[in-house]
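# What the coordinates show
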Amino acid sequence: MKLRTYFLWSAALAVCLATACASHKPVAASQPATPVAAVAPTPPIAPVAPPVPMDVLTPMIASPAVAVPPPAYNGPLPNTVLAWDSELKSIDVHEGDAQGHLSFSFTNVSAADVVISNVHPGCGCTAAELPSMPWTVTPGTNGTIPVTINLHGKTGTLFKNLTVTTDKGIKMLNFRVNILPVALPTMTEADRTNNLKIALADRQAVFSGDCAICHVKMGEGKYGKLLYDADCAICHEGEHRATMVPDLHNLKVPTNNEFWKTWISHGKAFSLMPAFAQSEGGPLSEMQINSLAVYLNFTIPSKATP
Ligand code: HEC
Ligand code: HEC
């Protein structure tokens, strides 16, 4: 229904701003022109203001439910009215970050009040902690529009925008969010020796402090093969791994589901194999441990017979 609403909006406005609608565009474009009779009656469209591009000169079709003065002028807001610190911002975040933050600041450089009636973010982000609307900015004063971007499930580079509607015109602010892959710190031989020393004193040390950056973080929320690659392969398939780390593909003992579960959950006291179960201070839930046991039991069939 949401997509349909977008579709209707783009049809009604006959514009679809590339940045705001990019993610919905292919769906809208590929929707066949369904005969009206074939679709169920459409409930009234929620009064949500669509992203309004700068070049729309027709009056706004939908106004928010709250009583705000209609914009007197729907063209672009000149920079001689509000001066912005930037109209295109870029921030770097890291994969796995829940949110990104940035803000746009402006000064009313005109001689008159400017009344902001709406700040409308494009998809997937929220402009937080704004004064209530309408927001009157007196001459010579500043304002800030903080933006919080939800990054859950996002990768790569995001292009987003924010539409600020005022009584003197409409301003489009653009921003780019670069989601960078987590860069692992590089290890020297001295680091390795030191890590080994720490682990020999406490095999659970890999799960805390800086160790967790490499030994825990990448496995968070993962299951099966992805979890094995993140949490187990780091030690068991490492090119430079210490001699006491066994090759799991060539075990001399019979294995089964229970064997894997036990080793993963409890590890082995007085060795470097940590206990991954949360009940023993490890990072893995029972479901994650089960997923590993199933994956390993399947991909590494038991070589020896009991
Ligand atoms: C910090 C490095 C490290 C990590 C991480 C690690 N292991 Fe180990 N593992 C070891 C070491 C060292 C041993 C050898 C223990 C001993 O002395 O017997 C071992 C032993 C084992 C054994 C016993 C093999 C045998 O010889 O019978 C299994 C099974 C095993 N690990 C599975 C896993 C799995 C699955 C994971 C991921 C959840 C994992 N390990 C993560 C270091 C690690
Ligand atoms: C930069 C990422 C990184 C950090 C940080 C890190 N490790 Fe490791 N760890 C690895 C890798 C990669 C291996 C696989 C062996 C190798 O390449 O040296 C490994 C292997 C190990 C092993 C198995 C023994 C071995 O040397 O093969 C132990 C034990 C260990 N780490 C403990 C720790 C502890 C304890 C800390 C924190 C004090 C820590 N690690 C921090 C990446 C890291």
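What you see is a predicted model; the values in this text were computed from it and never measured.

### Things to note about the layout of surface pockets
- Estimates place the volume of the second largest pocket at around 430 Å³.
- Taken together, 16 residues form the lining of the second largest pocket, with Glu-95, Gly-96, Asp-97, Glu-220 and Lys-222 sitting closest to its centre.
- Tallied by class, the residues present in the lining of the second largest pocket amount to 5 nonpolar, 5 polar and 6 charged.
- A domain split of the lining of the second largest pocket shows at least three residues from each of domain 1 (51-180) and domain 2 (189-299).

### Some points on helix α8 (residues 286-299)
- Taking 1.5 Å of rise per residue, the 14 residues of α8 would be expected to cover 20 Å, and the 20 Å separating its terminal C-alpha atoms lies within 8% of that figure.
- Burial in α8 covers these residues: Gln-288, Ile-289, Ser-291, Leu-292, Ala-293 and Leu-296.
- Check the buried side of α8 and you find it contacts α6 (224-236) and α7 (257-266).

### Focus on the nonpolar core
- Trp-84, Ile-149 and Val-177 are the most contacted members of the largest nonpolar core, which totals 26 residues.
- Of all the secondary-structure elements, those providing two or more residues to this core are β1 (82-84), β2 (88-94), β3 (99-108), β4 (114-121), β6 (135-137), β7 (142-150), β8 (157-166) and β9 (169-180).
- If you tally residues by element for this core, the top one is β9, at 4 residues.
- Within the second largest apolar cluster, 22 residues are counted, among which are Val-206, Tyr-228, Cys-232 and Phe-276.

### Remarks on the coordination of the iron atom of ligand 2
- A lone protein donor contacts the iron atom of ligand 2, and this donor is His-215 (NE2), found at 2.1 Å.
- Among the structural elements, His-215 can be located in helix α5 (residues 211-215).

### A look at the coordination of the iron atom of ligand 1
- Taken together, His-236 (NE2) and Met-273 (SD) make up the full set of protein donors to the iron atom of ligand 1, lying 2.0 to 2.2 Å away.
- Coordination geometry of the iron atom of ligand 1: the 6 donor atoms subtend angles of 87 to 179° at the metal centre, consistent with an arrangement described as octahedral. Here Met-273 lies in the loop between α7 and α8 and His-236 lies in helix α6, a separation of 37 residues in the sequence.

### A few points about the site of ligand 2
- Around ligand 2 there are 19 residues in total, and Arg-192, Cys-211, Cys-214, His-215 and Ala-242 lie nearest to it.
- The separation between an oxygen atom of ligand 2 and a polar side-chain atom of Arg-192 is 2.4 Å.
- Measuring from an oxygen atom of ligand 2, one finds a backbone N or O atom of Ala-242 at 2.8 Å.
- Contributing elements (two or more residues each) for the shell around ligand 2: α4 (189-201), α5 and α6.
- No other element matches the 5 residues that α4 contributes to the shell around ligand 2.
- Partitioning the shell around ligand 2 into residue classes produces 13 nonpolar, 3 polar and 3 charged.

### Remarks on the sheet that holds β2
- One open sheet accounts for 5 strands, arranged β2-β9-β8-β4-β6; its pairing is mixed. For this open sheet the edge positions go to β2 and β6, each flanked by a neighbour on one side alone. Neighbour to neighbour, the strand axes of the sheet diverge by 30° on average, direction disregarded.
- Across 5 bridges, the pairing between β4 and β8 is antiparallel. Residue His-120 lies in a different strand from β8, and its bridge partner there is Thr-163.

About the criteria used
- Residues numbered from 1 in each chain as written.
- Chains lettered and ligands numbered in written order.
- Predicted model: local features only at pLDDT ≥ 70, side-chain atom pairs only at ≥ 80, totals over all residues.
- Heavy atoms only, no water.
- 1 Å grid on protein atoms, 1.4 Å probe; cavity = no way out; pocket = protein on both sides within 12 Å on 5 of 7 lines; lining within 4 Å.
- Points joined across faces, edges and corners; volume = space filled by probe spheres on them.
- Nonpolar A, V, L, I, M, F, W, Y, C, P; charged D, E, K, R; others polar.
- Domains from an automatic or database assignment.
- Helix = DSSP H or I, 4+ residues; strand = E, 2+ residues; numbered from the N terminus.
- Expected span 1.5 Å × (residues − 1).
- Buried < 20%, exposed > 50% of the residue type's maximum accessible area, 1.4 Å probe, protein only.
- Contact = heavy atoms within 4.5 Å.
- Core = buried A, V, L, I, M, F, W, Y, C linked by side-chain atoms within 4.5 Å.
- Donors = N, O, S within 2.8 Å, 3.2 Å for Na, K, Ca; no water.
- Tetrahedral: all angles 85-135°; square planar, octahedral: opposite > 155°, others 65-115°.
- Near = heavy atom within 4 Å.
- Polar contact = N/O pair within 3.5 Å; in protein donor to acceptor, adjacent residues only side chain to side chain.
- Pairing = 2+ DSSP bridges.
- Axes fitted to C-alpha atoms, helices over the stretch in contact; angles between N-to-C directions.

Keep in mind these numbers describe shape, not what the thing actually does.
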